[in-house]
Structure formats: C-alpha cells, structure tokens
Amino acid sequence: MKPPRPNLYRDTWAGEVRADHVDQEVRVAGWVHRRRDHGGLIFIDLRDRTGLLQLVFRPEEAPQAHAAAHSLRSEDVLTARGRVVRREEGTVNPHLPTGEVELAVDEIEQLADAETPPFEVDSDKQVDELLRLKYRYLDLRREQMRDSIELRHDVVLAIRNYLNERGFLDIETPFLTRSTPEGARDFLVPSRIDPGSFYALPQSPQLFKQLLMVAGFERYYQIVRCFRDESSRADRLPEFTQLDMEMSFVEEEDVIGLCEGLIQAFLAAGGVDVQVPFDRVSYADAMLRYGTDRPDRRIGMEIQDLGEAFAQSEFQVFRGALESGGVVRGLKAPGADLTRKRFDELTEQAKQFGAKGLVWAVVEGEGWRSPIAKFLKPEEMSAVASALGAAEGDAILIVADTADIAARVLGQLRLDLAPPAEGNDLLWVVDFPMFEWNEDENRWDPLHHPFTSPKGEMNGDPGSWASRAYDVVWNGWEIGGGSIRINRPDVQQKVFTALGISEDEAGERFGFLLDALKYGAPPHGGIAFGIERIVAMLRGSESIREVVAFPKAASQADPLTGAPAPVDQEQLDELALKVTKPKE
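This write-up is about the structure you can find in this document. No experiment lies behind these values; they were computed from the predicted model shown.

Conventions used here
Residues numbered from 1 in each chain as written. Predicted model: local features only at pLDDT ≥ 70, side-chain atom pairs only at ≥ 80, totals over all residues. Heavy atoms only, no water. Pairing = 2+ DSSP bridges. Helix = DSSP H or I, 4+ residues; strand = E, 2+ residues; numbered from the N terminus. Contact = heavy atoms within 4.5 Å. Axes fitted to C-alpha atoms, helices over the stretch in contact; angles between N-to-C directions. Buried < 20%, exposed > 50% of the residue type's maximum accessible area, 1.4 Å probe, protein only. Patch = residues over 30% accessible without salt bridge, like charges linked within 9 Å, V, L, I, M, F, W, Y side chains within 5 Å. Areas by Shrake-Rupley, 256 points an atom, 1.4 Å probe, with all protein chains shown as cover. Salt bridge = Lys/Arg side-chain N within 4 Å of Asp/Glu carboxyl O. Lys, Arg positive; Asp, Glu negative; His and termini not counted. Charge placed at Lys NZ, Arg CZ, Asp CG, Glu CD. Polar contact = N/O pair within 3.5 Å; in protein donor to acceptor, adjacent residues only side chain to side chain. Parallel < 35°, antiparallel > 145°, perpendicular 65-115°, else oblique. Left-handed = near helix turned anticlockwise from the far one by under 90°. Nonpolar A, V, L, I, M, F, W, Y, C, P; charged D, E, K, R; others polar. Expected span 1.5 Å × (residues − 1). Bend = angle between axes of the 7 residues up to and from the residue.

**Observations concerning the sheet that holds strand β15 (residues 367-369)**
Taken in spatial order, the 5 strands line up as β12-β13-β16-β14-β15 in an open sheet, and their pairing is antiparallel. Both edges of this open sheet fall to β12 (304-305) and β15, since each of them pairs with a single strand only. Judged from the 2 bridges that link them, β12 and strand β13 (residues 327-333) form a sheet pairing that is antiparallel. Bridge pairing in β13 links D305 to R329. Packing against the sheet, helix α9 (residues 340-352) makes contact with β14 (359-364) and β16 (395-401), and its axis sits at approximately 145° to β14.

Have a look at this one:
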C-alpha cells in the first residue's frame, strides 16, 4: 500500500517494513498481537492491517520504553518509534514478510487499554460461531478473517475494473420498493405516511435493471445488497451481496462470452486461473447424469438411465416404475467395498429423500451379490454392468421412481460416496425448462423468474415450454444465473397467465413493468453473481458467513447487536401497527 501520511501515530505500515528500511527511524501503530519476556529483553509482535512487525525493548537502550512494555497486554493499542535493525542470526522468521528485521523501540505510548478478549485473537483455534459473531469486531482482527475481507475487496475491484473498461455504468436502484415476490418471502417495511401499506426490501434489482434497459442505458451493473426472508444456510444469508448486470441488444452468446472473461478476471484476483470457453451442459443432461442442475463433475460417477436394460424385466419394482411413467436409473461406486450395514444406511437415506427404497448390488464374476439377484435375468445384470461400466468389486445403486426422485436420491448419493478430485470445474447449464410443477400449491412455478424469455413455441402444456436461461456452476456451486428477458408486454402477460396470474392481478403487481414494455423495450438479458459464494469458494470456506464482515447467525439473529428486537410502543403507534404474538 501507499505509505500513510506521517502523523503522531505512524509514518510506516508495520507489515511493510523490510530489510531496505534497516537503520531508518520509523513510527508504527497497531495492536499488541503477542508479548514475550526473554530475561531482560521484551518482544512484542505489533499488528496492523498490513501484518506483523516484531518490536524489541532493551532496558539499557530505552529504559522508559522497556518499563512501559512490561505493562502491555494482548490487544492493547500503541504507537512506537525506533530504529529498524536486522534480526540476529538464527532468529530470522522466513514465514513472515517482516521476518528479517525488527524495530528497536526508543519511545512508546499506549493509546488504549484492552480487556482480556473472550477468545484468543492470535490463535487459529476453533471458537464457537455464536461467540465469534457476538464479538465480531474481535474476530475480524484474526488473520484468516482479515484475509477473507481483503480478498472480497480484491474480487469486487476486479469486477468493477472489468466492467468499467467495457462501457458498463454503475447505477443504484431503490432499496424501498414494492413487494413483488420472486420465490422467497420479502422483508416488509411499514409506511408511516400511508398506514397499513408496506415497502419491501428487494430480493434483487431485477425489474429496475430491466427498466434501465428500456431507458436506454444499455449496459448496467451494480454491486448490490439483496434481501430474502428465509432461513440461513451454509450458502445463503437473509441479506447478501450480488453483482447485478444487464445488457441491451444481446443474445445468450453475448452475455456468456462477456461473463467468461469476467469470471477469469475475478477468479484471478483470488489466484485461480481458468481456461475459456467453459463447457455447456443442458439442464436435462445435468439432471440425468448428475441428479442436479449444479453438478460437480470432479466426482467421476455419473448416473445412467437403465430403462432399456429393464424394459422386459419380470422384477415388479422395475417394471411397475417404467409402466407408470417413471424411470429406473443407477450409478456405480467403483471398488467401494461397502458393507451390508452401509447399504442399509444408504437405503434409509434414499427413503429420507423421497424414494420408496434403494436397490443395491456388488458385481461378483458374471453375476451380482444382491437381495434382488434371484429376480433378475443374467442378461439384465450384464446390460446394467455394461451401461455403468461396472467391473468386479464395483457397487451398483439403483432407484426406480419418478425422474425427480431418482435424480434427487442418486445425485445426493453421488456426493456422499466419492470425494471430488482436485481442480476447478466450471460449466454453463443451459436449455432450462420454463416452469416446474409445484405439487403443494397445484400450480406452475418459474424455474428462474417470471421475466425470463421463453424459447420457441408457447402453446399447449406450459410444462413443455423452454426458456432462454443460463447458470454458471463452479465445483458444484451455482455462482451466477441469468437469462434473456421478455421485452414484449403480450409475451409477458402470456407467461403470467401460465403462472395463474390474471391480467388484473398482473396490472396490480407489475403494471409499471408492463407499461414500460409498451414504449419500445430492446431485447435484453443479464445475469447476477453471488459475491459471498465466489469469495467463499476462493477461500475454501464451508460457510459464506466466513467472508462477510457482519453476518447474521443461522437463526437470522444478530448476536452482535441483538437484532431483531422489540421496538417502543410509540414507534408502533406512529406506524399504526399492533404486535400479536403467535399462539404456542
């Protein structure tokens, strides 16, 4: 970094002192990371944002500073002035950027006293997450957290530089807007001016960025906070940050091509080099081969359709599934050496994911060791082994059920049975269906959102409609998703109708968008990338909370501030709100 402006506290960053500073007088400031007494000598590792610098206090050279150092404790704040000297032979620390030198302190001033922290800031020991979140300002002092926040900055900077160079404009959109549910619950904000009415915090700037395309800005982006009132998970938070972008007069290839260069740029900021173009896999192929539209192809096992092998089977479970319009699919676990107990555990797991059961077998010679082997013909077992590429000792797992359940079960078993190989696998998932059937609500739901442009015919069964959507997947995590949008009001209304939204309801909820589309909307499309997911992947973090400065806990509560919390009755009265607690 550029040196700080010299002042009463410092003229040099502690973590940037090097051998070429030897014999120079410098002033540094920061926190006491660690303190060590070695007889007459006292050593303090001073920490600022740039790293650590060892300070040495010698009683014969600076008795007052040495005496002051005796009273310092971890996390005290100080400023120190002295001369940079080389460390003695045998004391050089090759693992520390400042490890060749130390600061022989002549003058020291304690700027703030620190109580004993509730956990060790200078340690990598595991600490309860709720305790870390309660004292997040201390947790953020730890090296791994500092590195995560700095990496997040570098990724965002790479994004901004890439898009700015290509003519994109950074434009802000409102946080207080109308509730237009997009698949998750909105956070609602009551209006004081209009009692009984509410704003909503945006789940995304989707409609506003489409309006910006209607307005003629053509290339827009925003690093934006979004909000969804849903339970936190390892890869989701109720408030999160995404790169939101939109382009006019584009086709899928324009968006995908630009994004591949963008992905190269922001992954390079985290030290990951990838080659373009990325592979493309259709949604149908991804669901068949991997059981998910977010496949991690570093796991070699692929699911195969075994319907042909069992088309004439006398085994009722397989024949019944096929005759009822279902599927029989399976995968092999190479040389898995699974025990009967493990097969029973996998069967229970399959049931938990909705399957009626799980058929298992182990290839032994020309046949199978399996509870159902006696019900199968030798040619059926041979056909399955051939389809899966199974050899002696390989385990075979088969599900006979609906296509959705077979994909869900085998997709999860695939993840559980084999660790992924090293490396980075990036791909685009394309050719999505337009809708998926919601059994609970007895209706069609958009697979992406209702503003995604359909592809091809829109006649007959909405389940047959295709969409112009695309997702980018990195090592099994969806890091971005987008589509070409609808730019005609008649097409938009037809999609609303398929979703069970009448013209009157569409006018009430989305009238501003439908009106805008009447005034000359260009063909447009875009994408959004999850910033937290990208940085978490680069850091190798299992939870995106590890790359957010002040995240909520898994419960959505904030242990640091105590939010959410009750408010005064006076505030409720101003908003014409009455709180009633749910019945227990």
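Let us keep going from here.
**Concerning the environment of P420**
With respect to the secondary-structure elements, P420 resides in the loop between α11 (403-417) and β17 (426-430). Among the residues examined, P420 registers a relative accessible area of 39% and is labelled partly exposed. Sequence separation between P420 and N475 is 55 residues, and the spatial gap between their C-alpha atoms is 8.7 Å.

**Some details on the sheet that holds strand β23 (residues 477-484)**
Spatially, β6-β9-β10-β24-β23-β22-β17-β11 is the arrangement adopted by the 8 strands of the open sheet, whose pairing is mixed. The open sheet has two free edges, formed respectively by β6 (169-170) and β11 (279-282), since each of these has just one partner strand. Bridge count for strand β10 (residues 239-248) against strand β24 (residues 524-530) is 7 bridges, and the pairing is antiparallel. Of the residues in β24, the one forming a bridge with L243 is F529. Sitting on the sheet, helix α4 (residues 143-164) is in contact with β6, β9 (219-227) and β10, with an inclination near 150° to β9. The sheet strands contacting helix α14 (residues 531-539) are β9, β10, β22 (469-474), β23 and β24, and the helix crosses β24 at an angle near 50°.

**Re the pairing of strand β3 (residues 51-57)**
Most of β3 sits inside the fold, with 7 of its 7 residues counted as buried. Both strand β2 (residues 41-48) and β3 contribute to a ladder of 7 bridges, which runs antiparallel. By the bridge assignment for β3, D45 is matched with Q54. Adjacent in sequence and paired antiparallel, β2 and β3 are bridged by 2 residues. Looking at chain direction, β3 and strand β5 (residues 101-112) are connected through 2 bridges and run parallel. Considered in β5, the bridge of V56 is made with A104.

**Describing a nonpolar patch on the surface**
Taken together, the side chains of L8, Y9 and L111 present a nonpolar region at the surface, about 320 Å² in accessible area. Position of L8 among the secondary structure elements: in the segment before β1 (25-38). With a relative accessible area of 70%, L8 lands in the exposed category.

**Remarks on the pattern of salt bridges**
Scanning the model with the defined rule gives 52 salt bridges in all. Across the pair R136 and D139 runs a salt bridge, and its minimum N-O distance is 2.8 Å. Residue R136 and its partner D139 are located together in helix α3 (residues 136-139), separated by 3 residues, close to a single helical turn. Neither residue differs from the other here; R136 and D139 are each classed as buried.

**Notes on a negative patch on the surface**
Judged by side-chain charge, D404, E436, E439, D440 and E441 come together as a negatively charged surface patch. If you trace the backbone, D404 turns up in helix α11.

**Observations concerning unusual backbone geometry**
V276 connects to P277 through a cis peptide bond whose omega is 0°. Turning to its location among the elements, P277 is positioned in the loop between α6 (252-268) and β11. The peptide bond linking A563 to P564 adopts the cis configuration, its omega dihedral lying at -5°. By secondary structure assignment, the location of P564 is in the loop between α14 and α15 (569-574). Look at D23: it is not a glycine, yet its phi comes out positive at around 75°. For D23, the position within the fold is in the segment before β1.

**Observations regarding the environment of R298**
Position of R298 relative to the elements: it lies in the loop between α7 (283-290) and β12. Classification of R298 as partly exposed rests on a relative accessible area of 21%. Those residues in contact with R298, other than ones at most four positions away along the chain, are P420, A421, E422, G423, D425 and N475. Engagement of the side chain of R298 in a polar contact is seen with the side chain of N475, the distance being 3.4 Å.

**Quick notes on the packing of helix α5 (residues 206-214) against helix α13 (residues 503-517)**
At their nearest, the axes of α5 and α13 sit 10 Å apart, and the two run at 20° to each other. Judged on the interaxial angle alone, α13 and α5 are roughly parallel. Handedness of the crossing formed by α5 with α13: left-handed. In this structure, α5 uses L207, Q210, L211 and V214 to contact α13, whose residues at the interface are F510, F512, L513 and A516. When the residues that make up the contact of α5 with α13 are grouped by side-chain class, the tally is 7 nonpolar, 1 polar and no charged.

**Concerning α13**
Between its terminal C-alpha atoms α13 stretches only 15 Å, short of the 21 Å expected from 15 residues at 1.5 Å a residue. Within α13, the axis deviates most sharply at F510, by approximately 95°. Among all positions of α13, only A506, F510, G511, L513, L514, A516 and L517 are buried. Against α5 and α12 (489-498) lie the buried residues of α13.

**Details of α12**
For α12, every residue scored as buried is listed here: V491, Q492, Q493, V495, F496 and A498. Two residues or fewer after α12 comes G500, characterised by a positive phi angle close to 85°.

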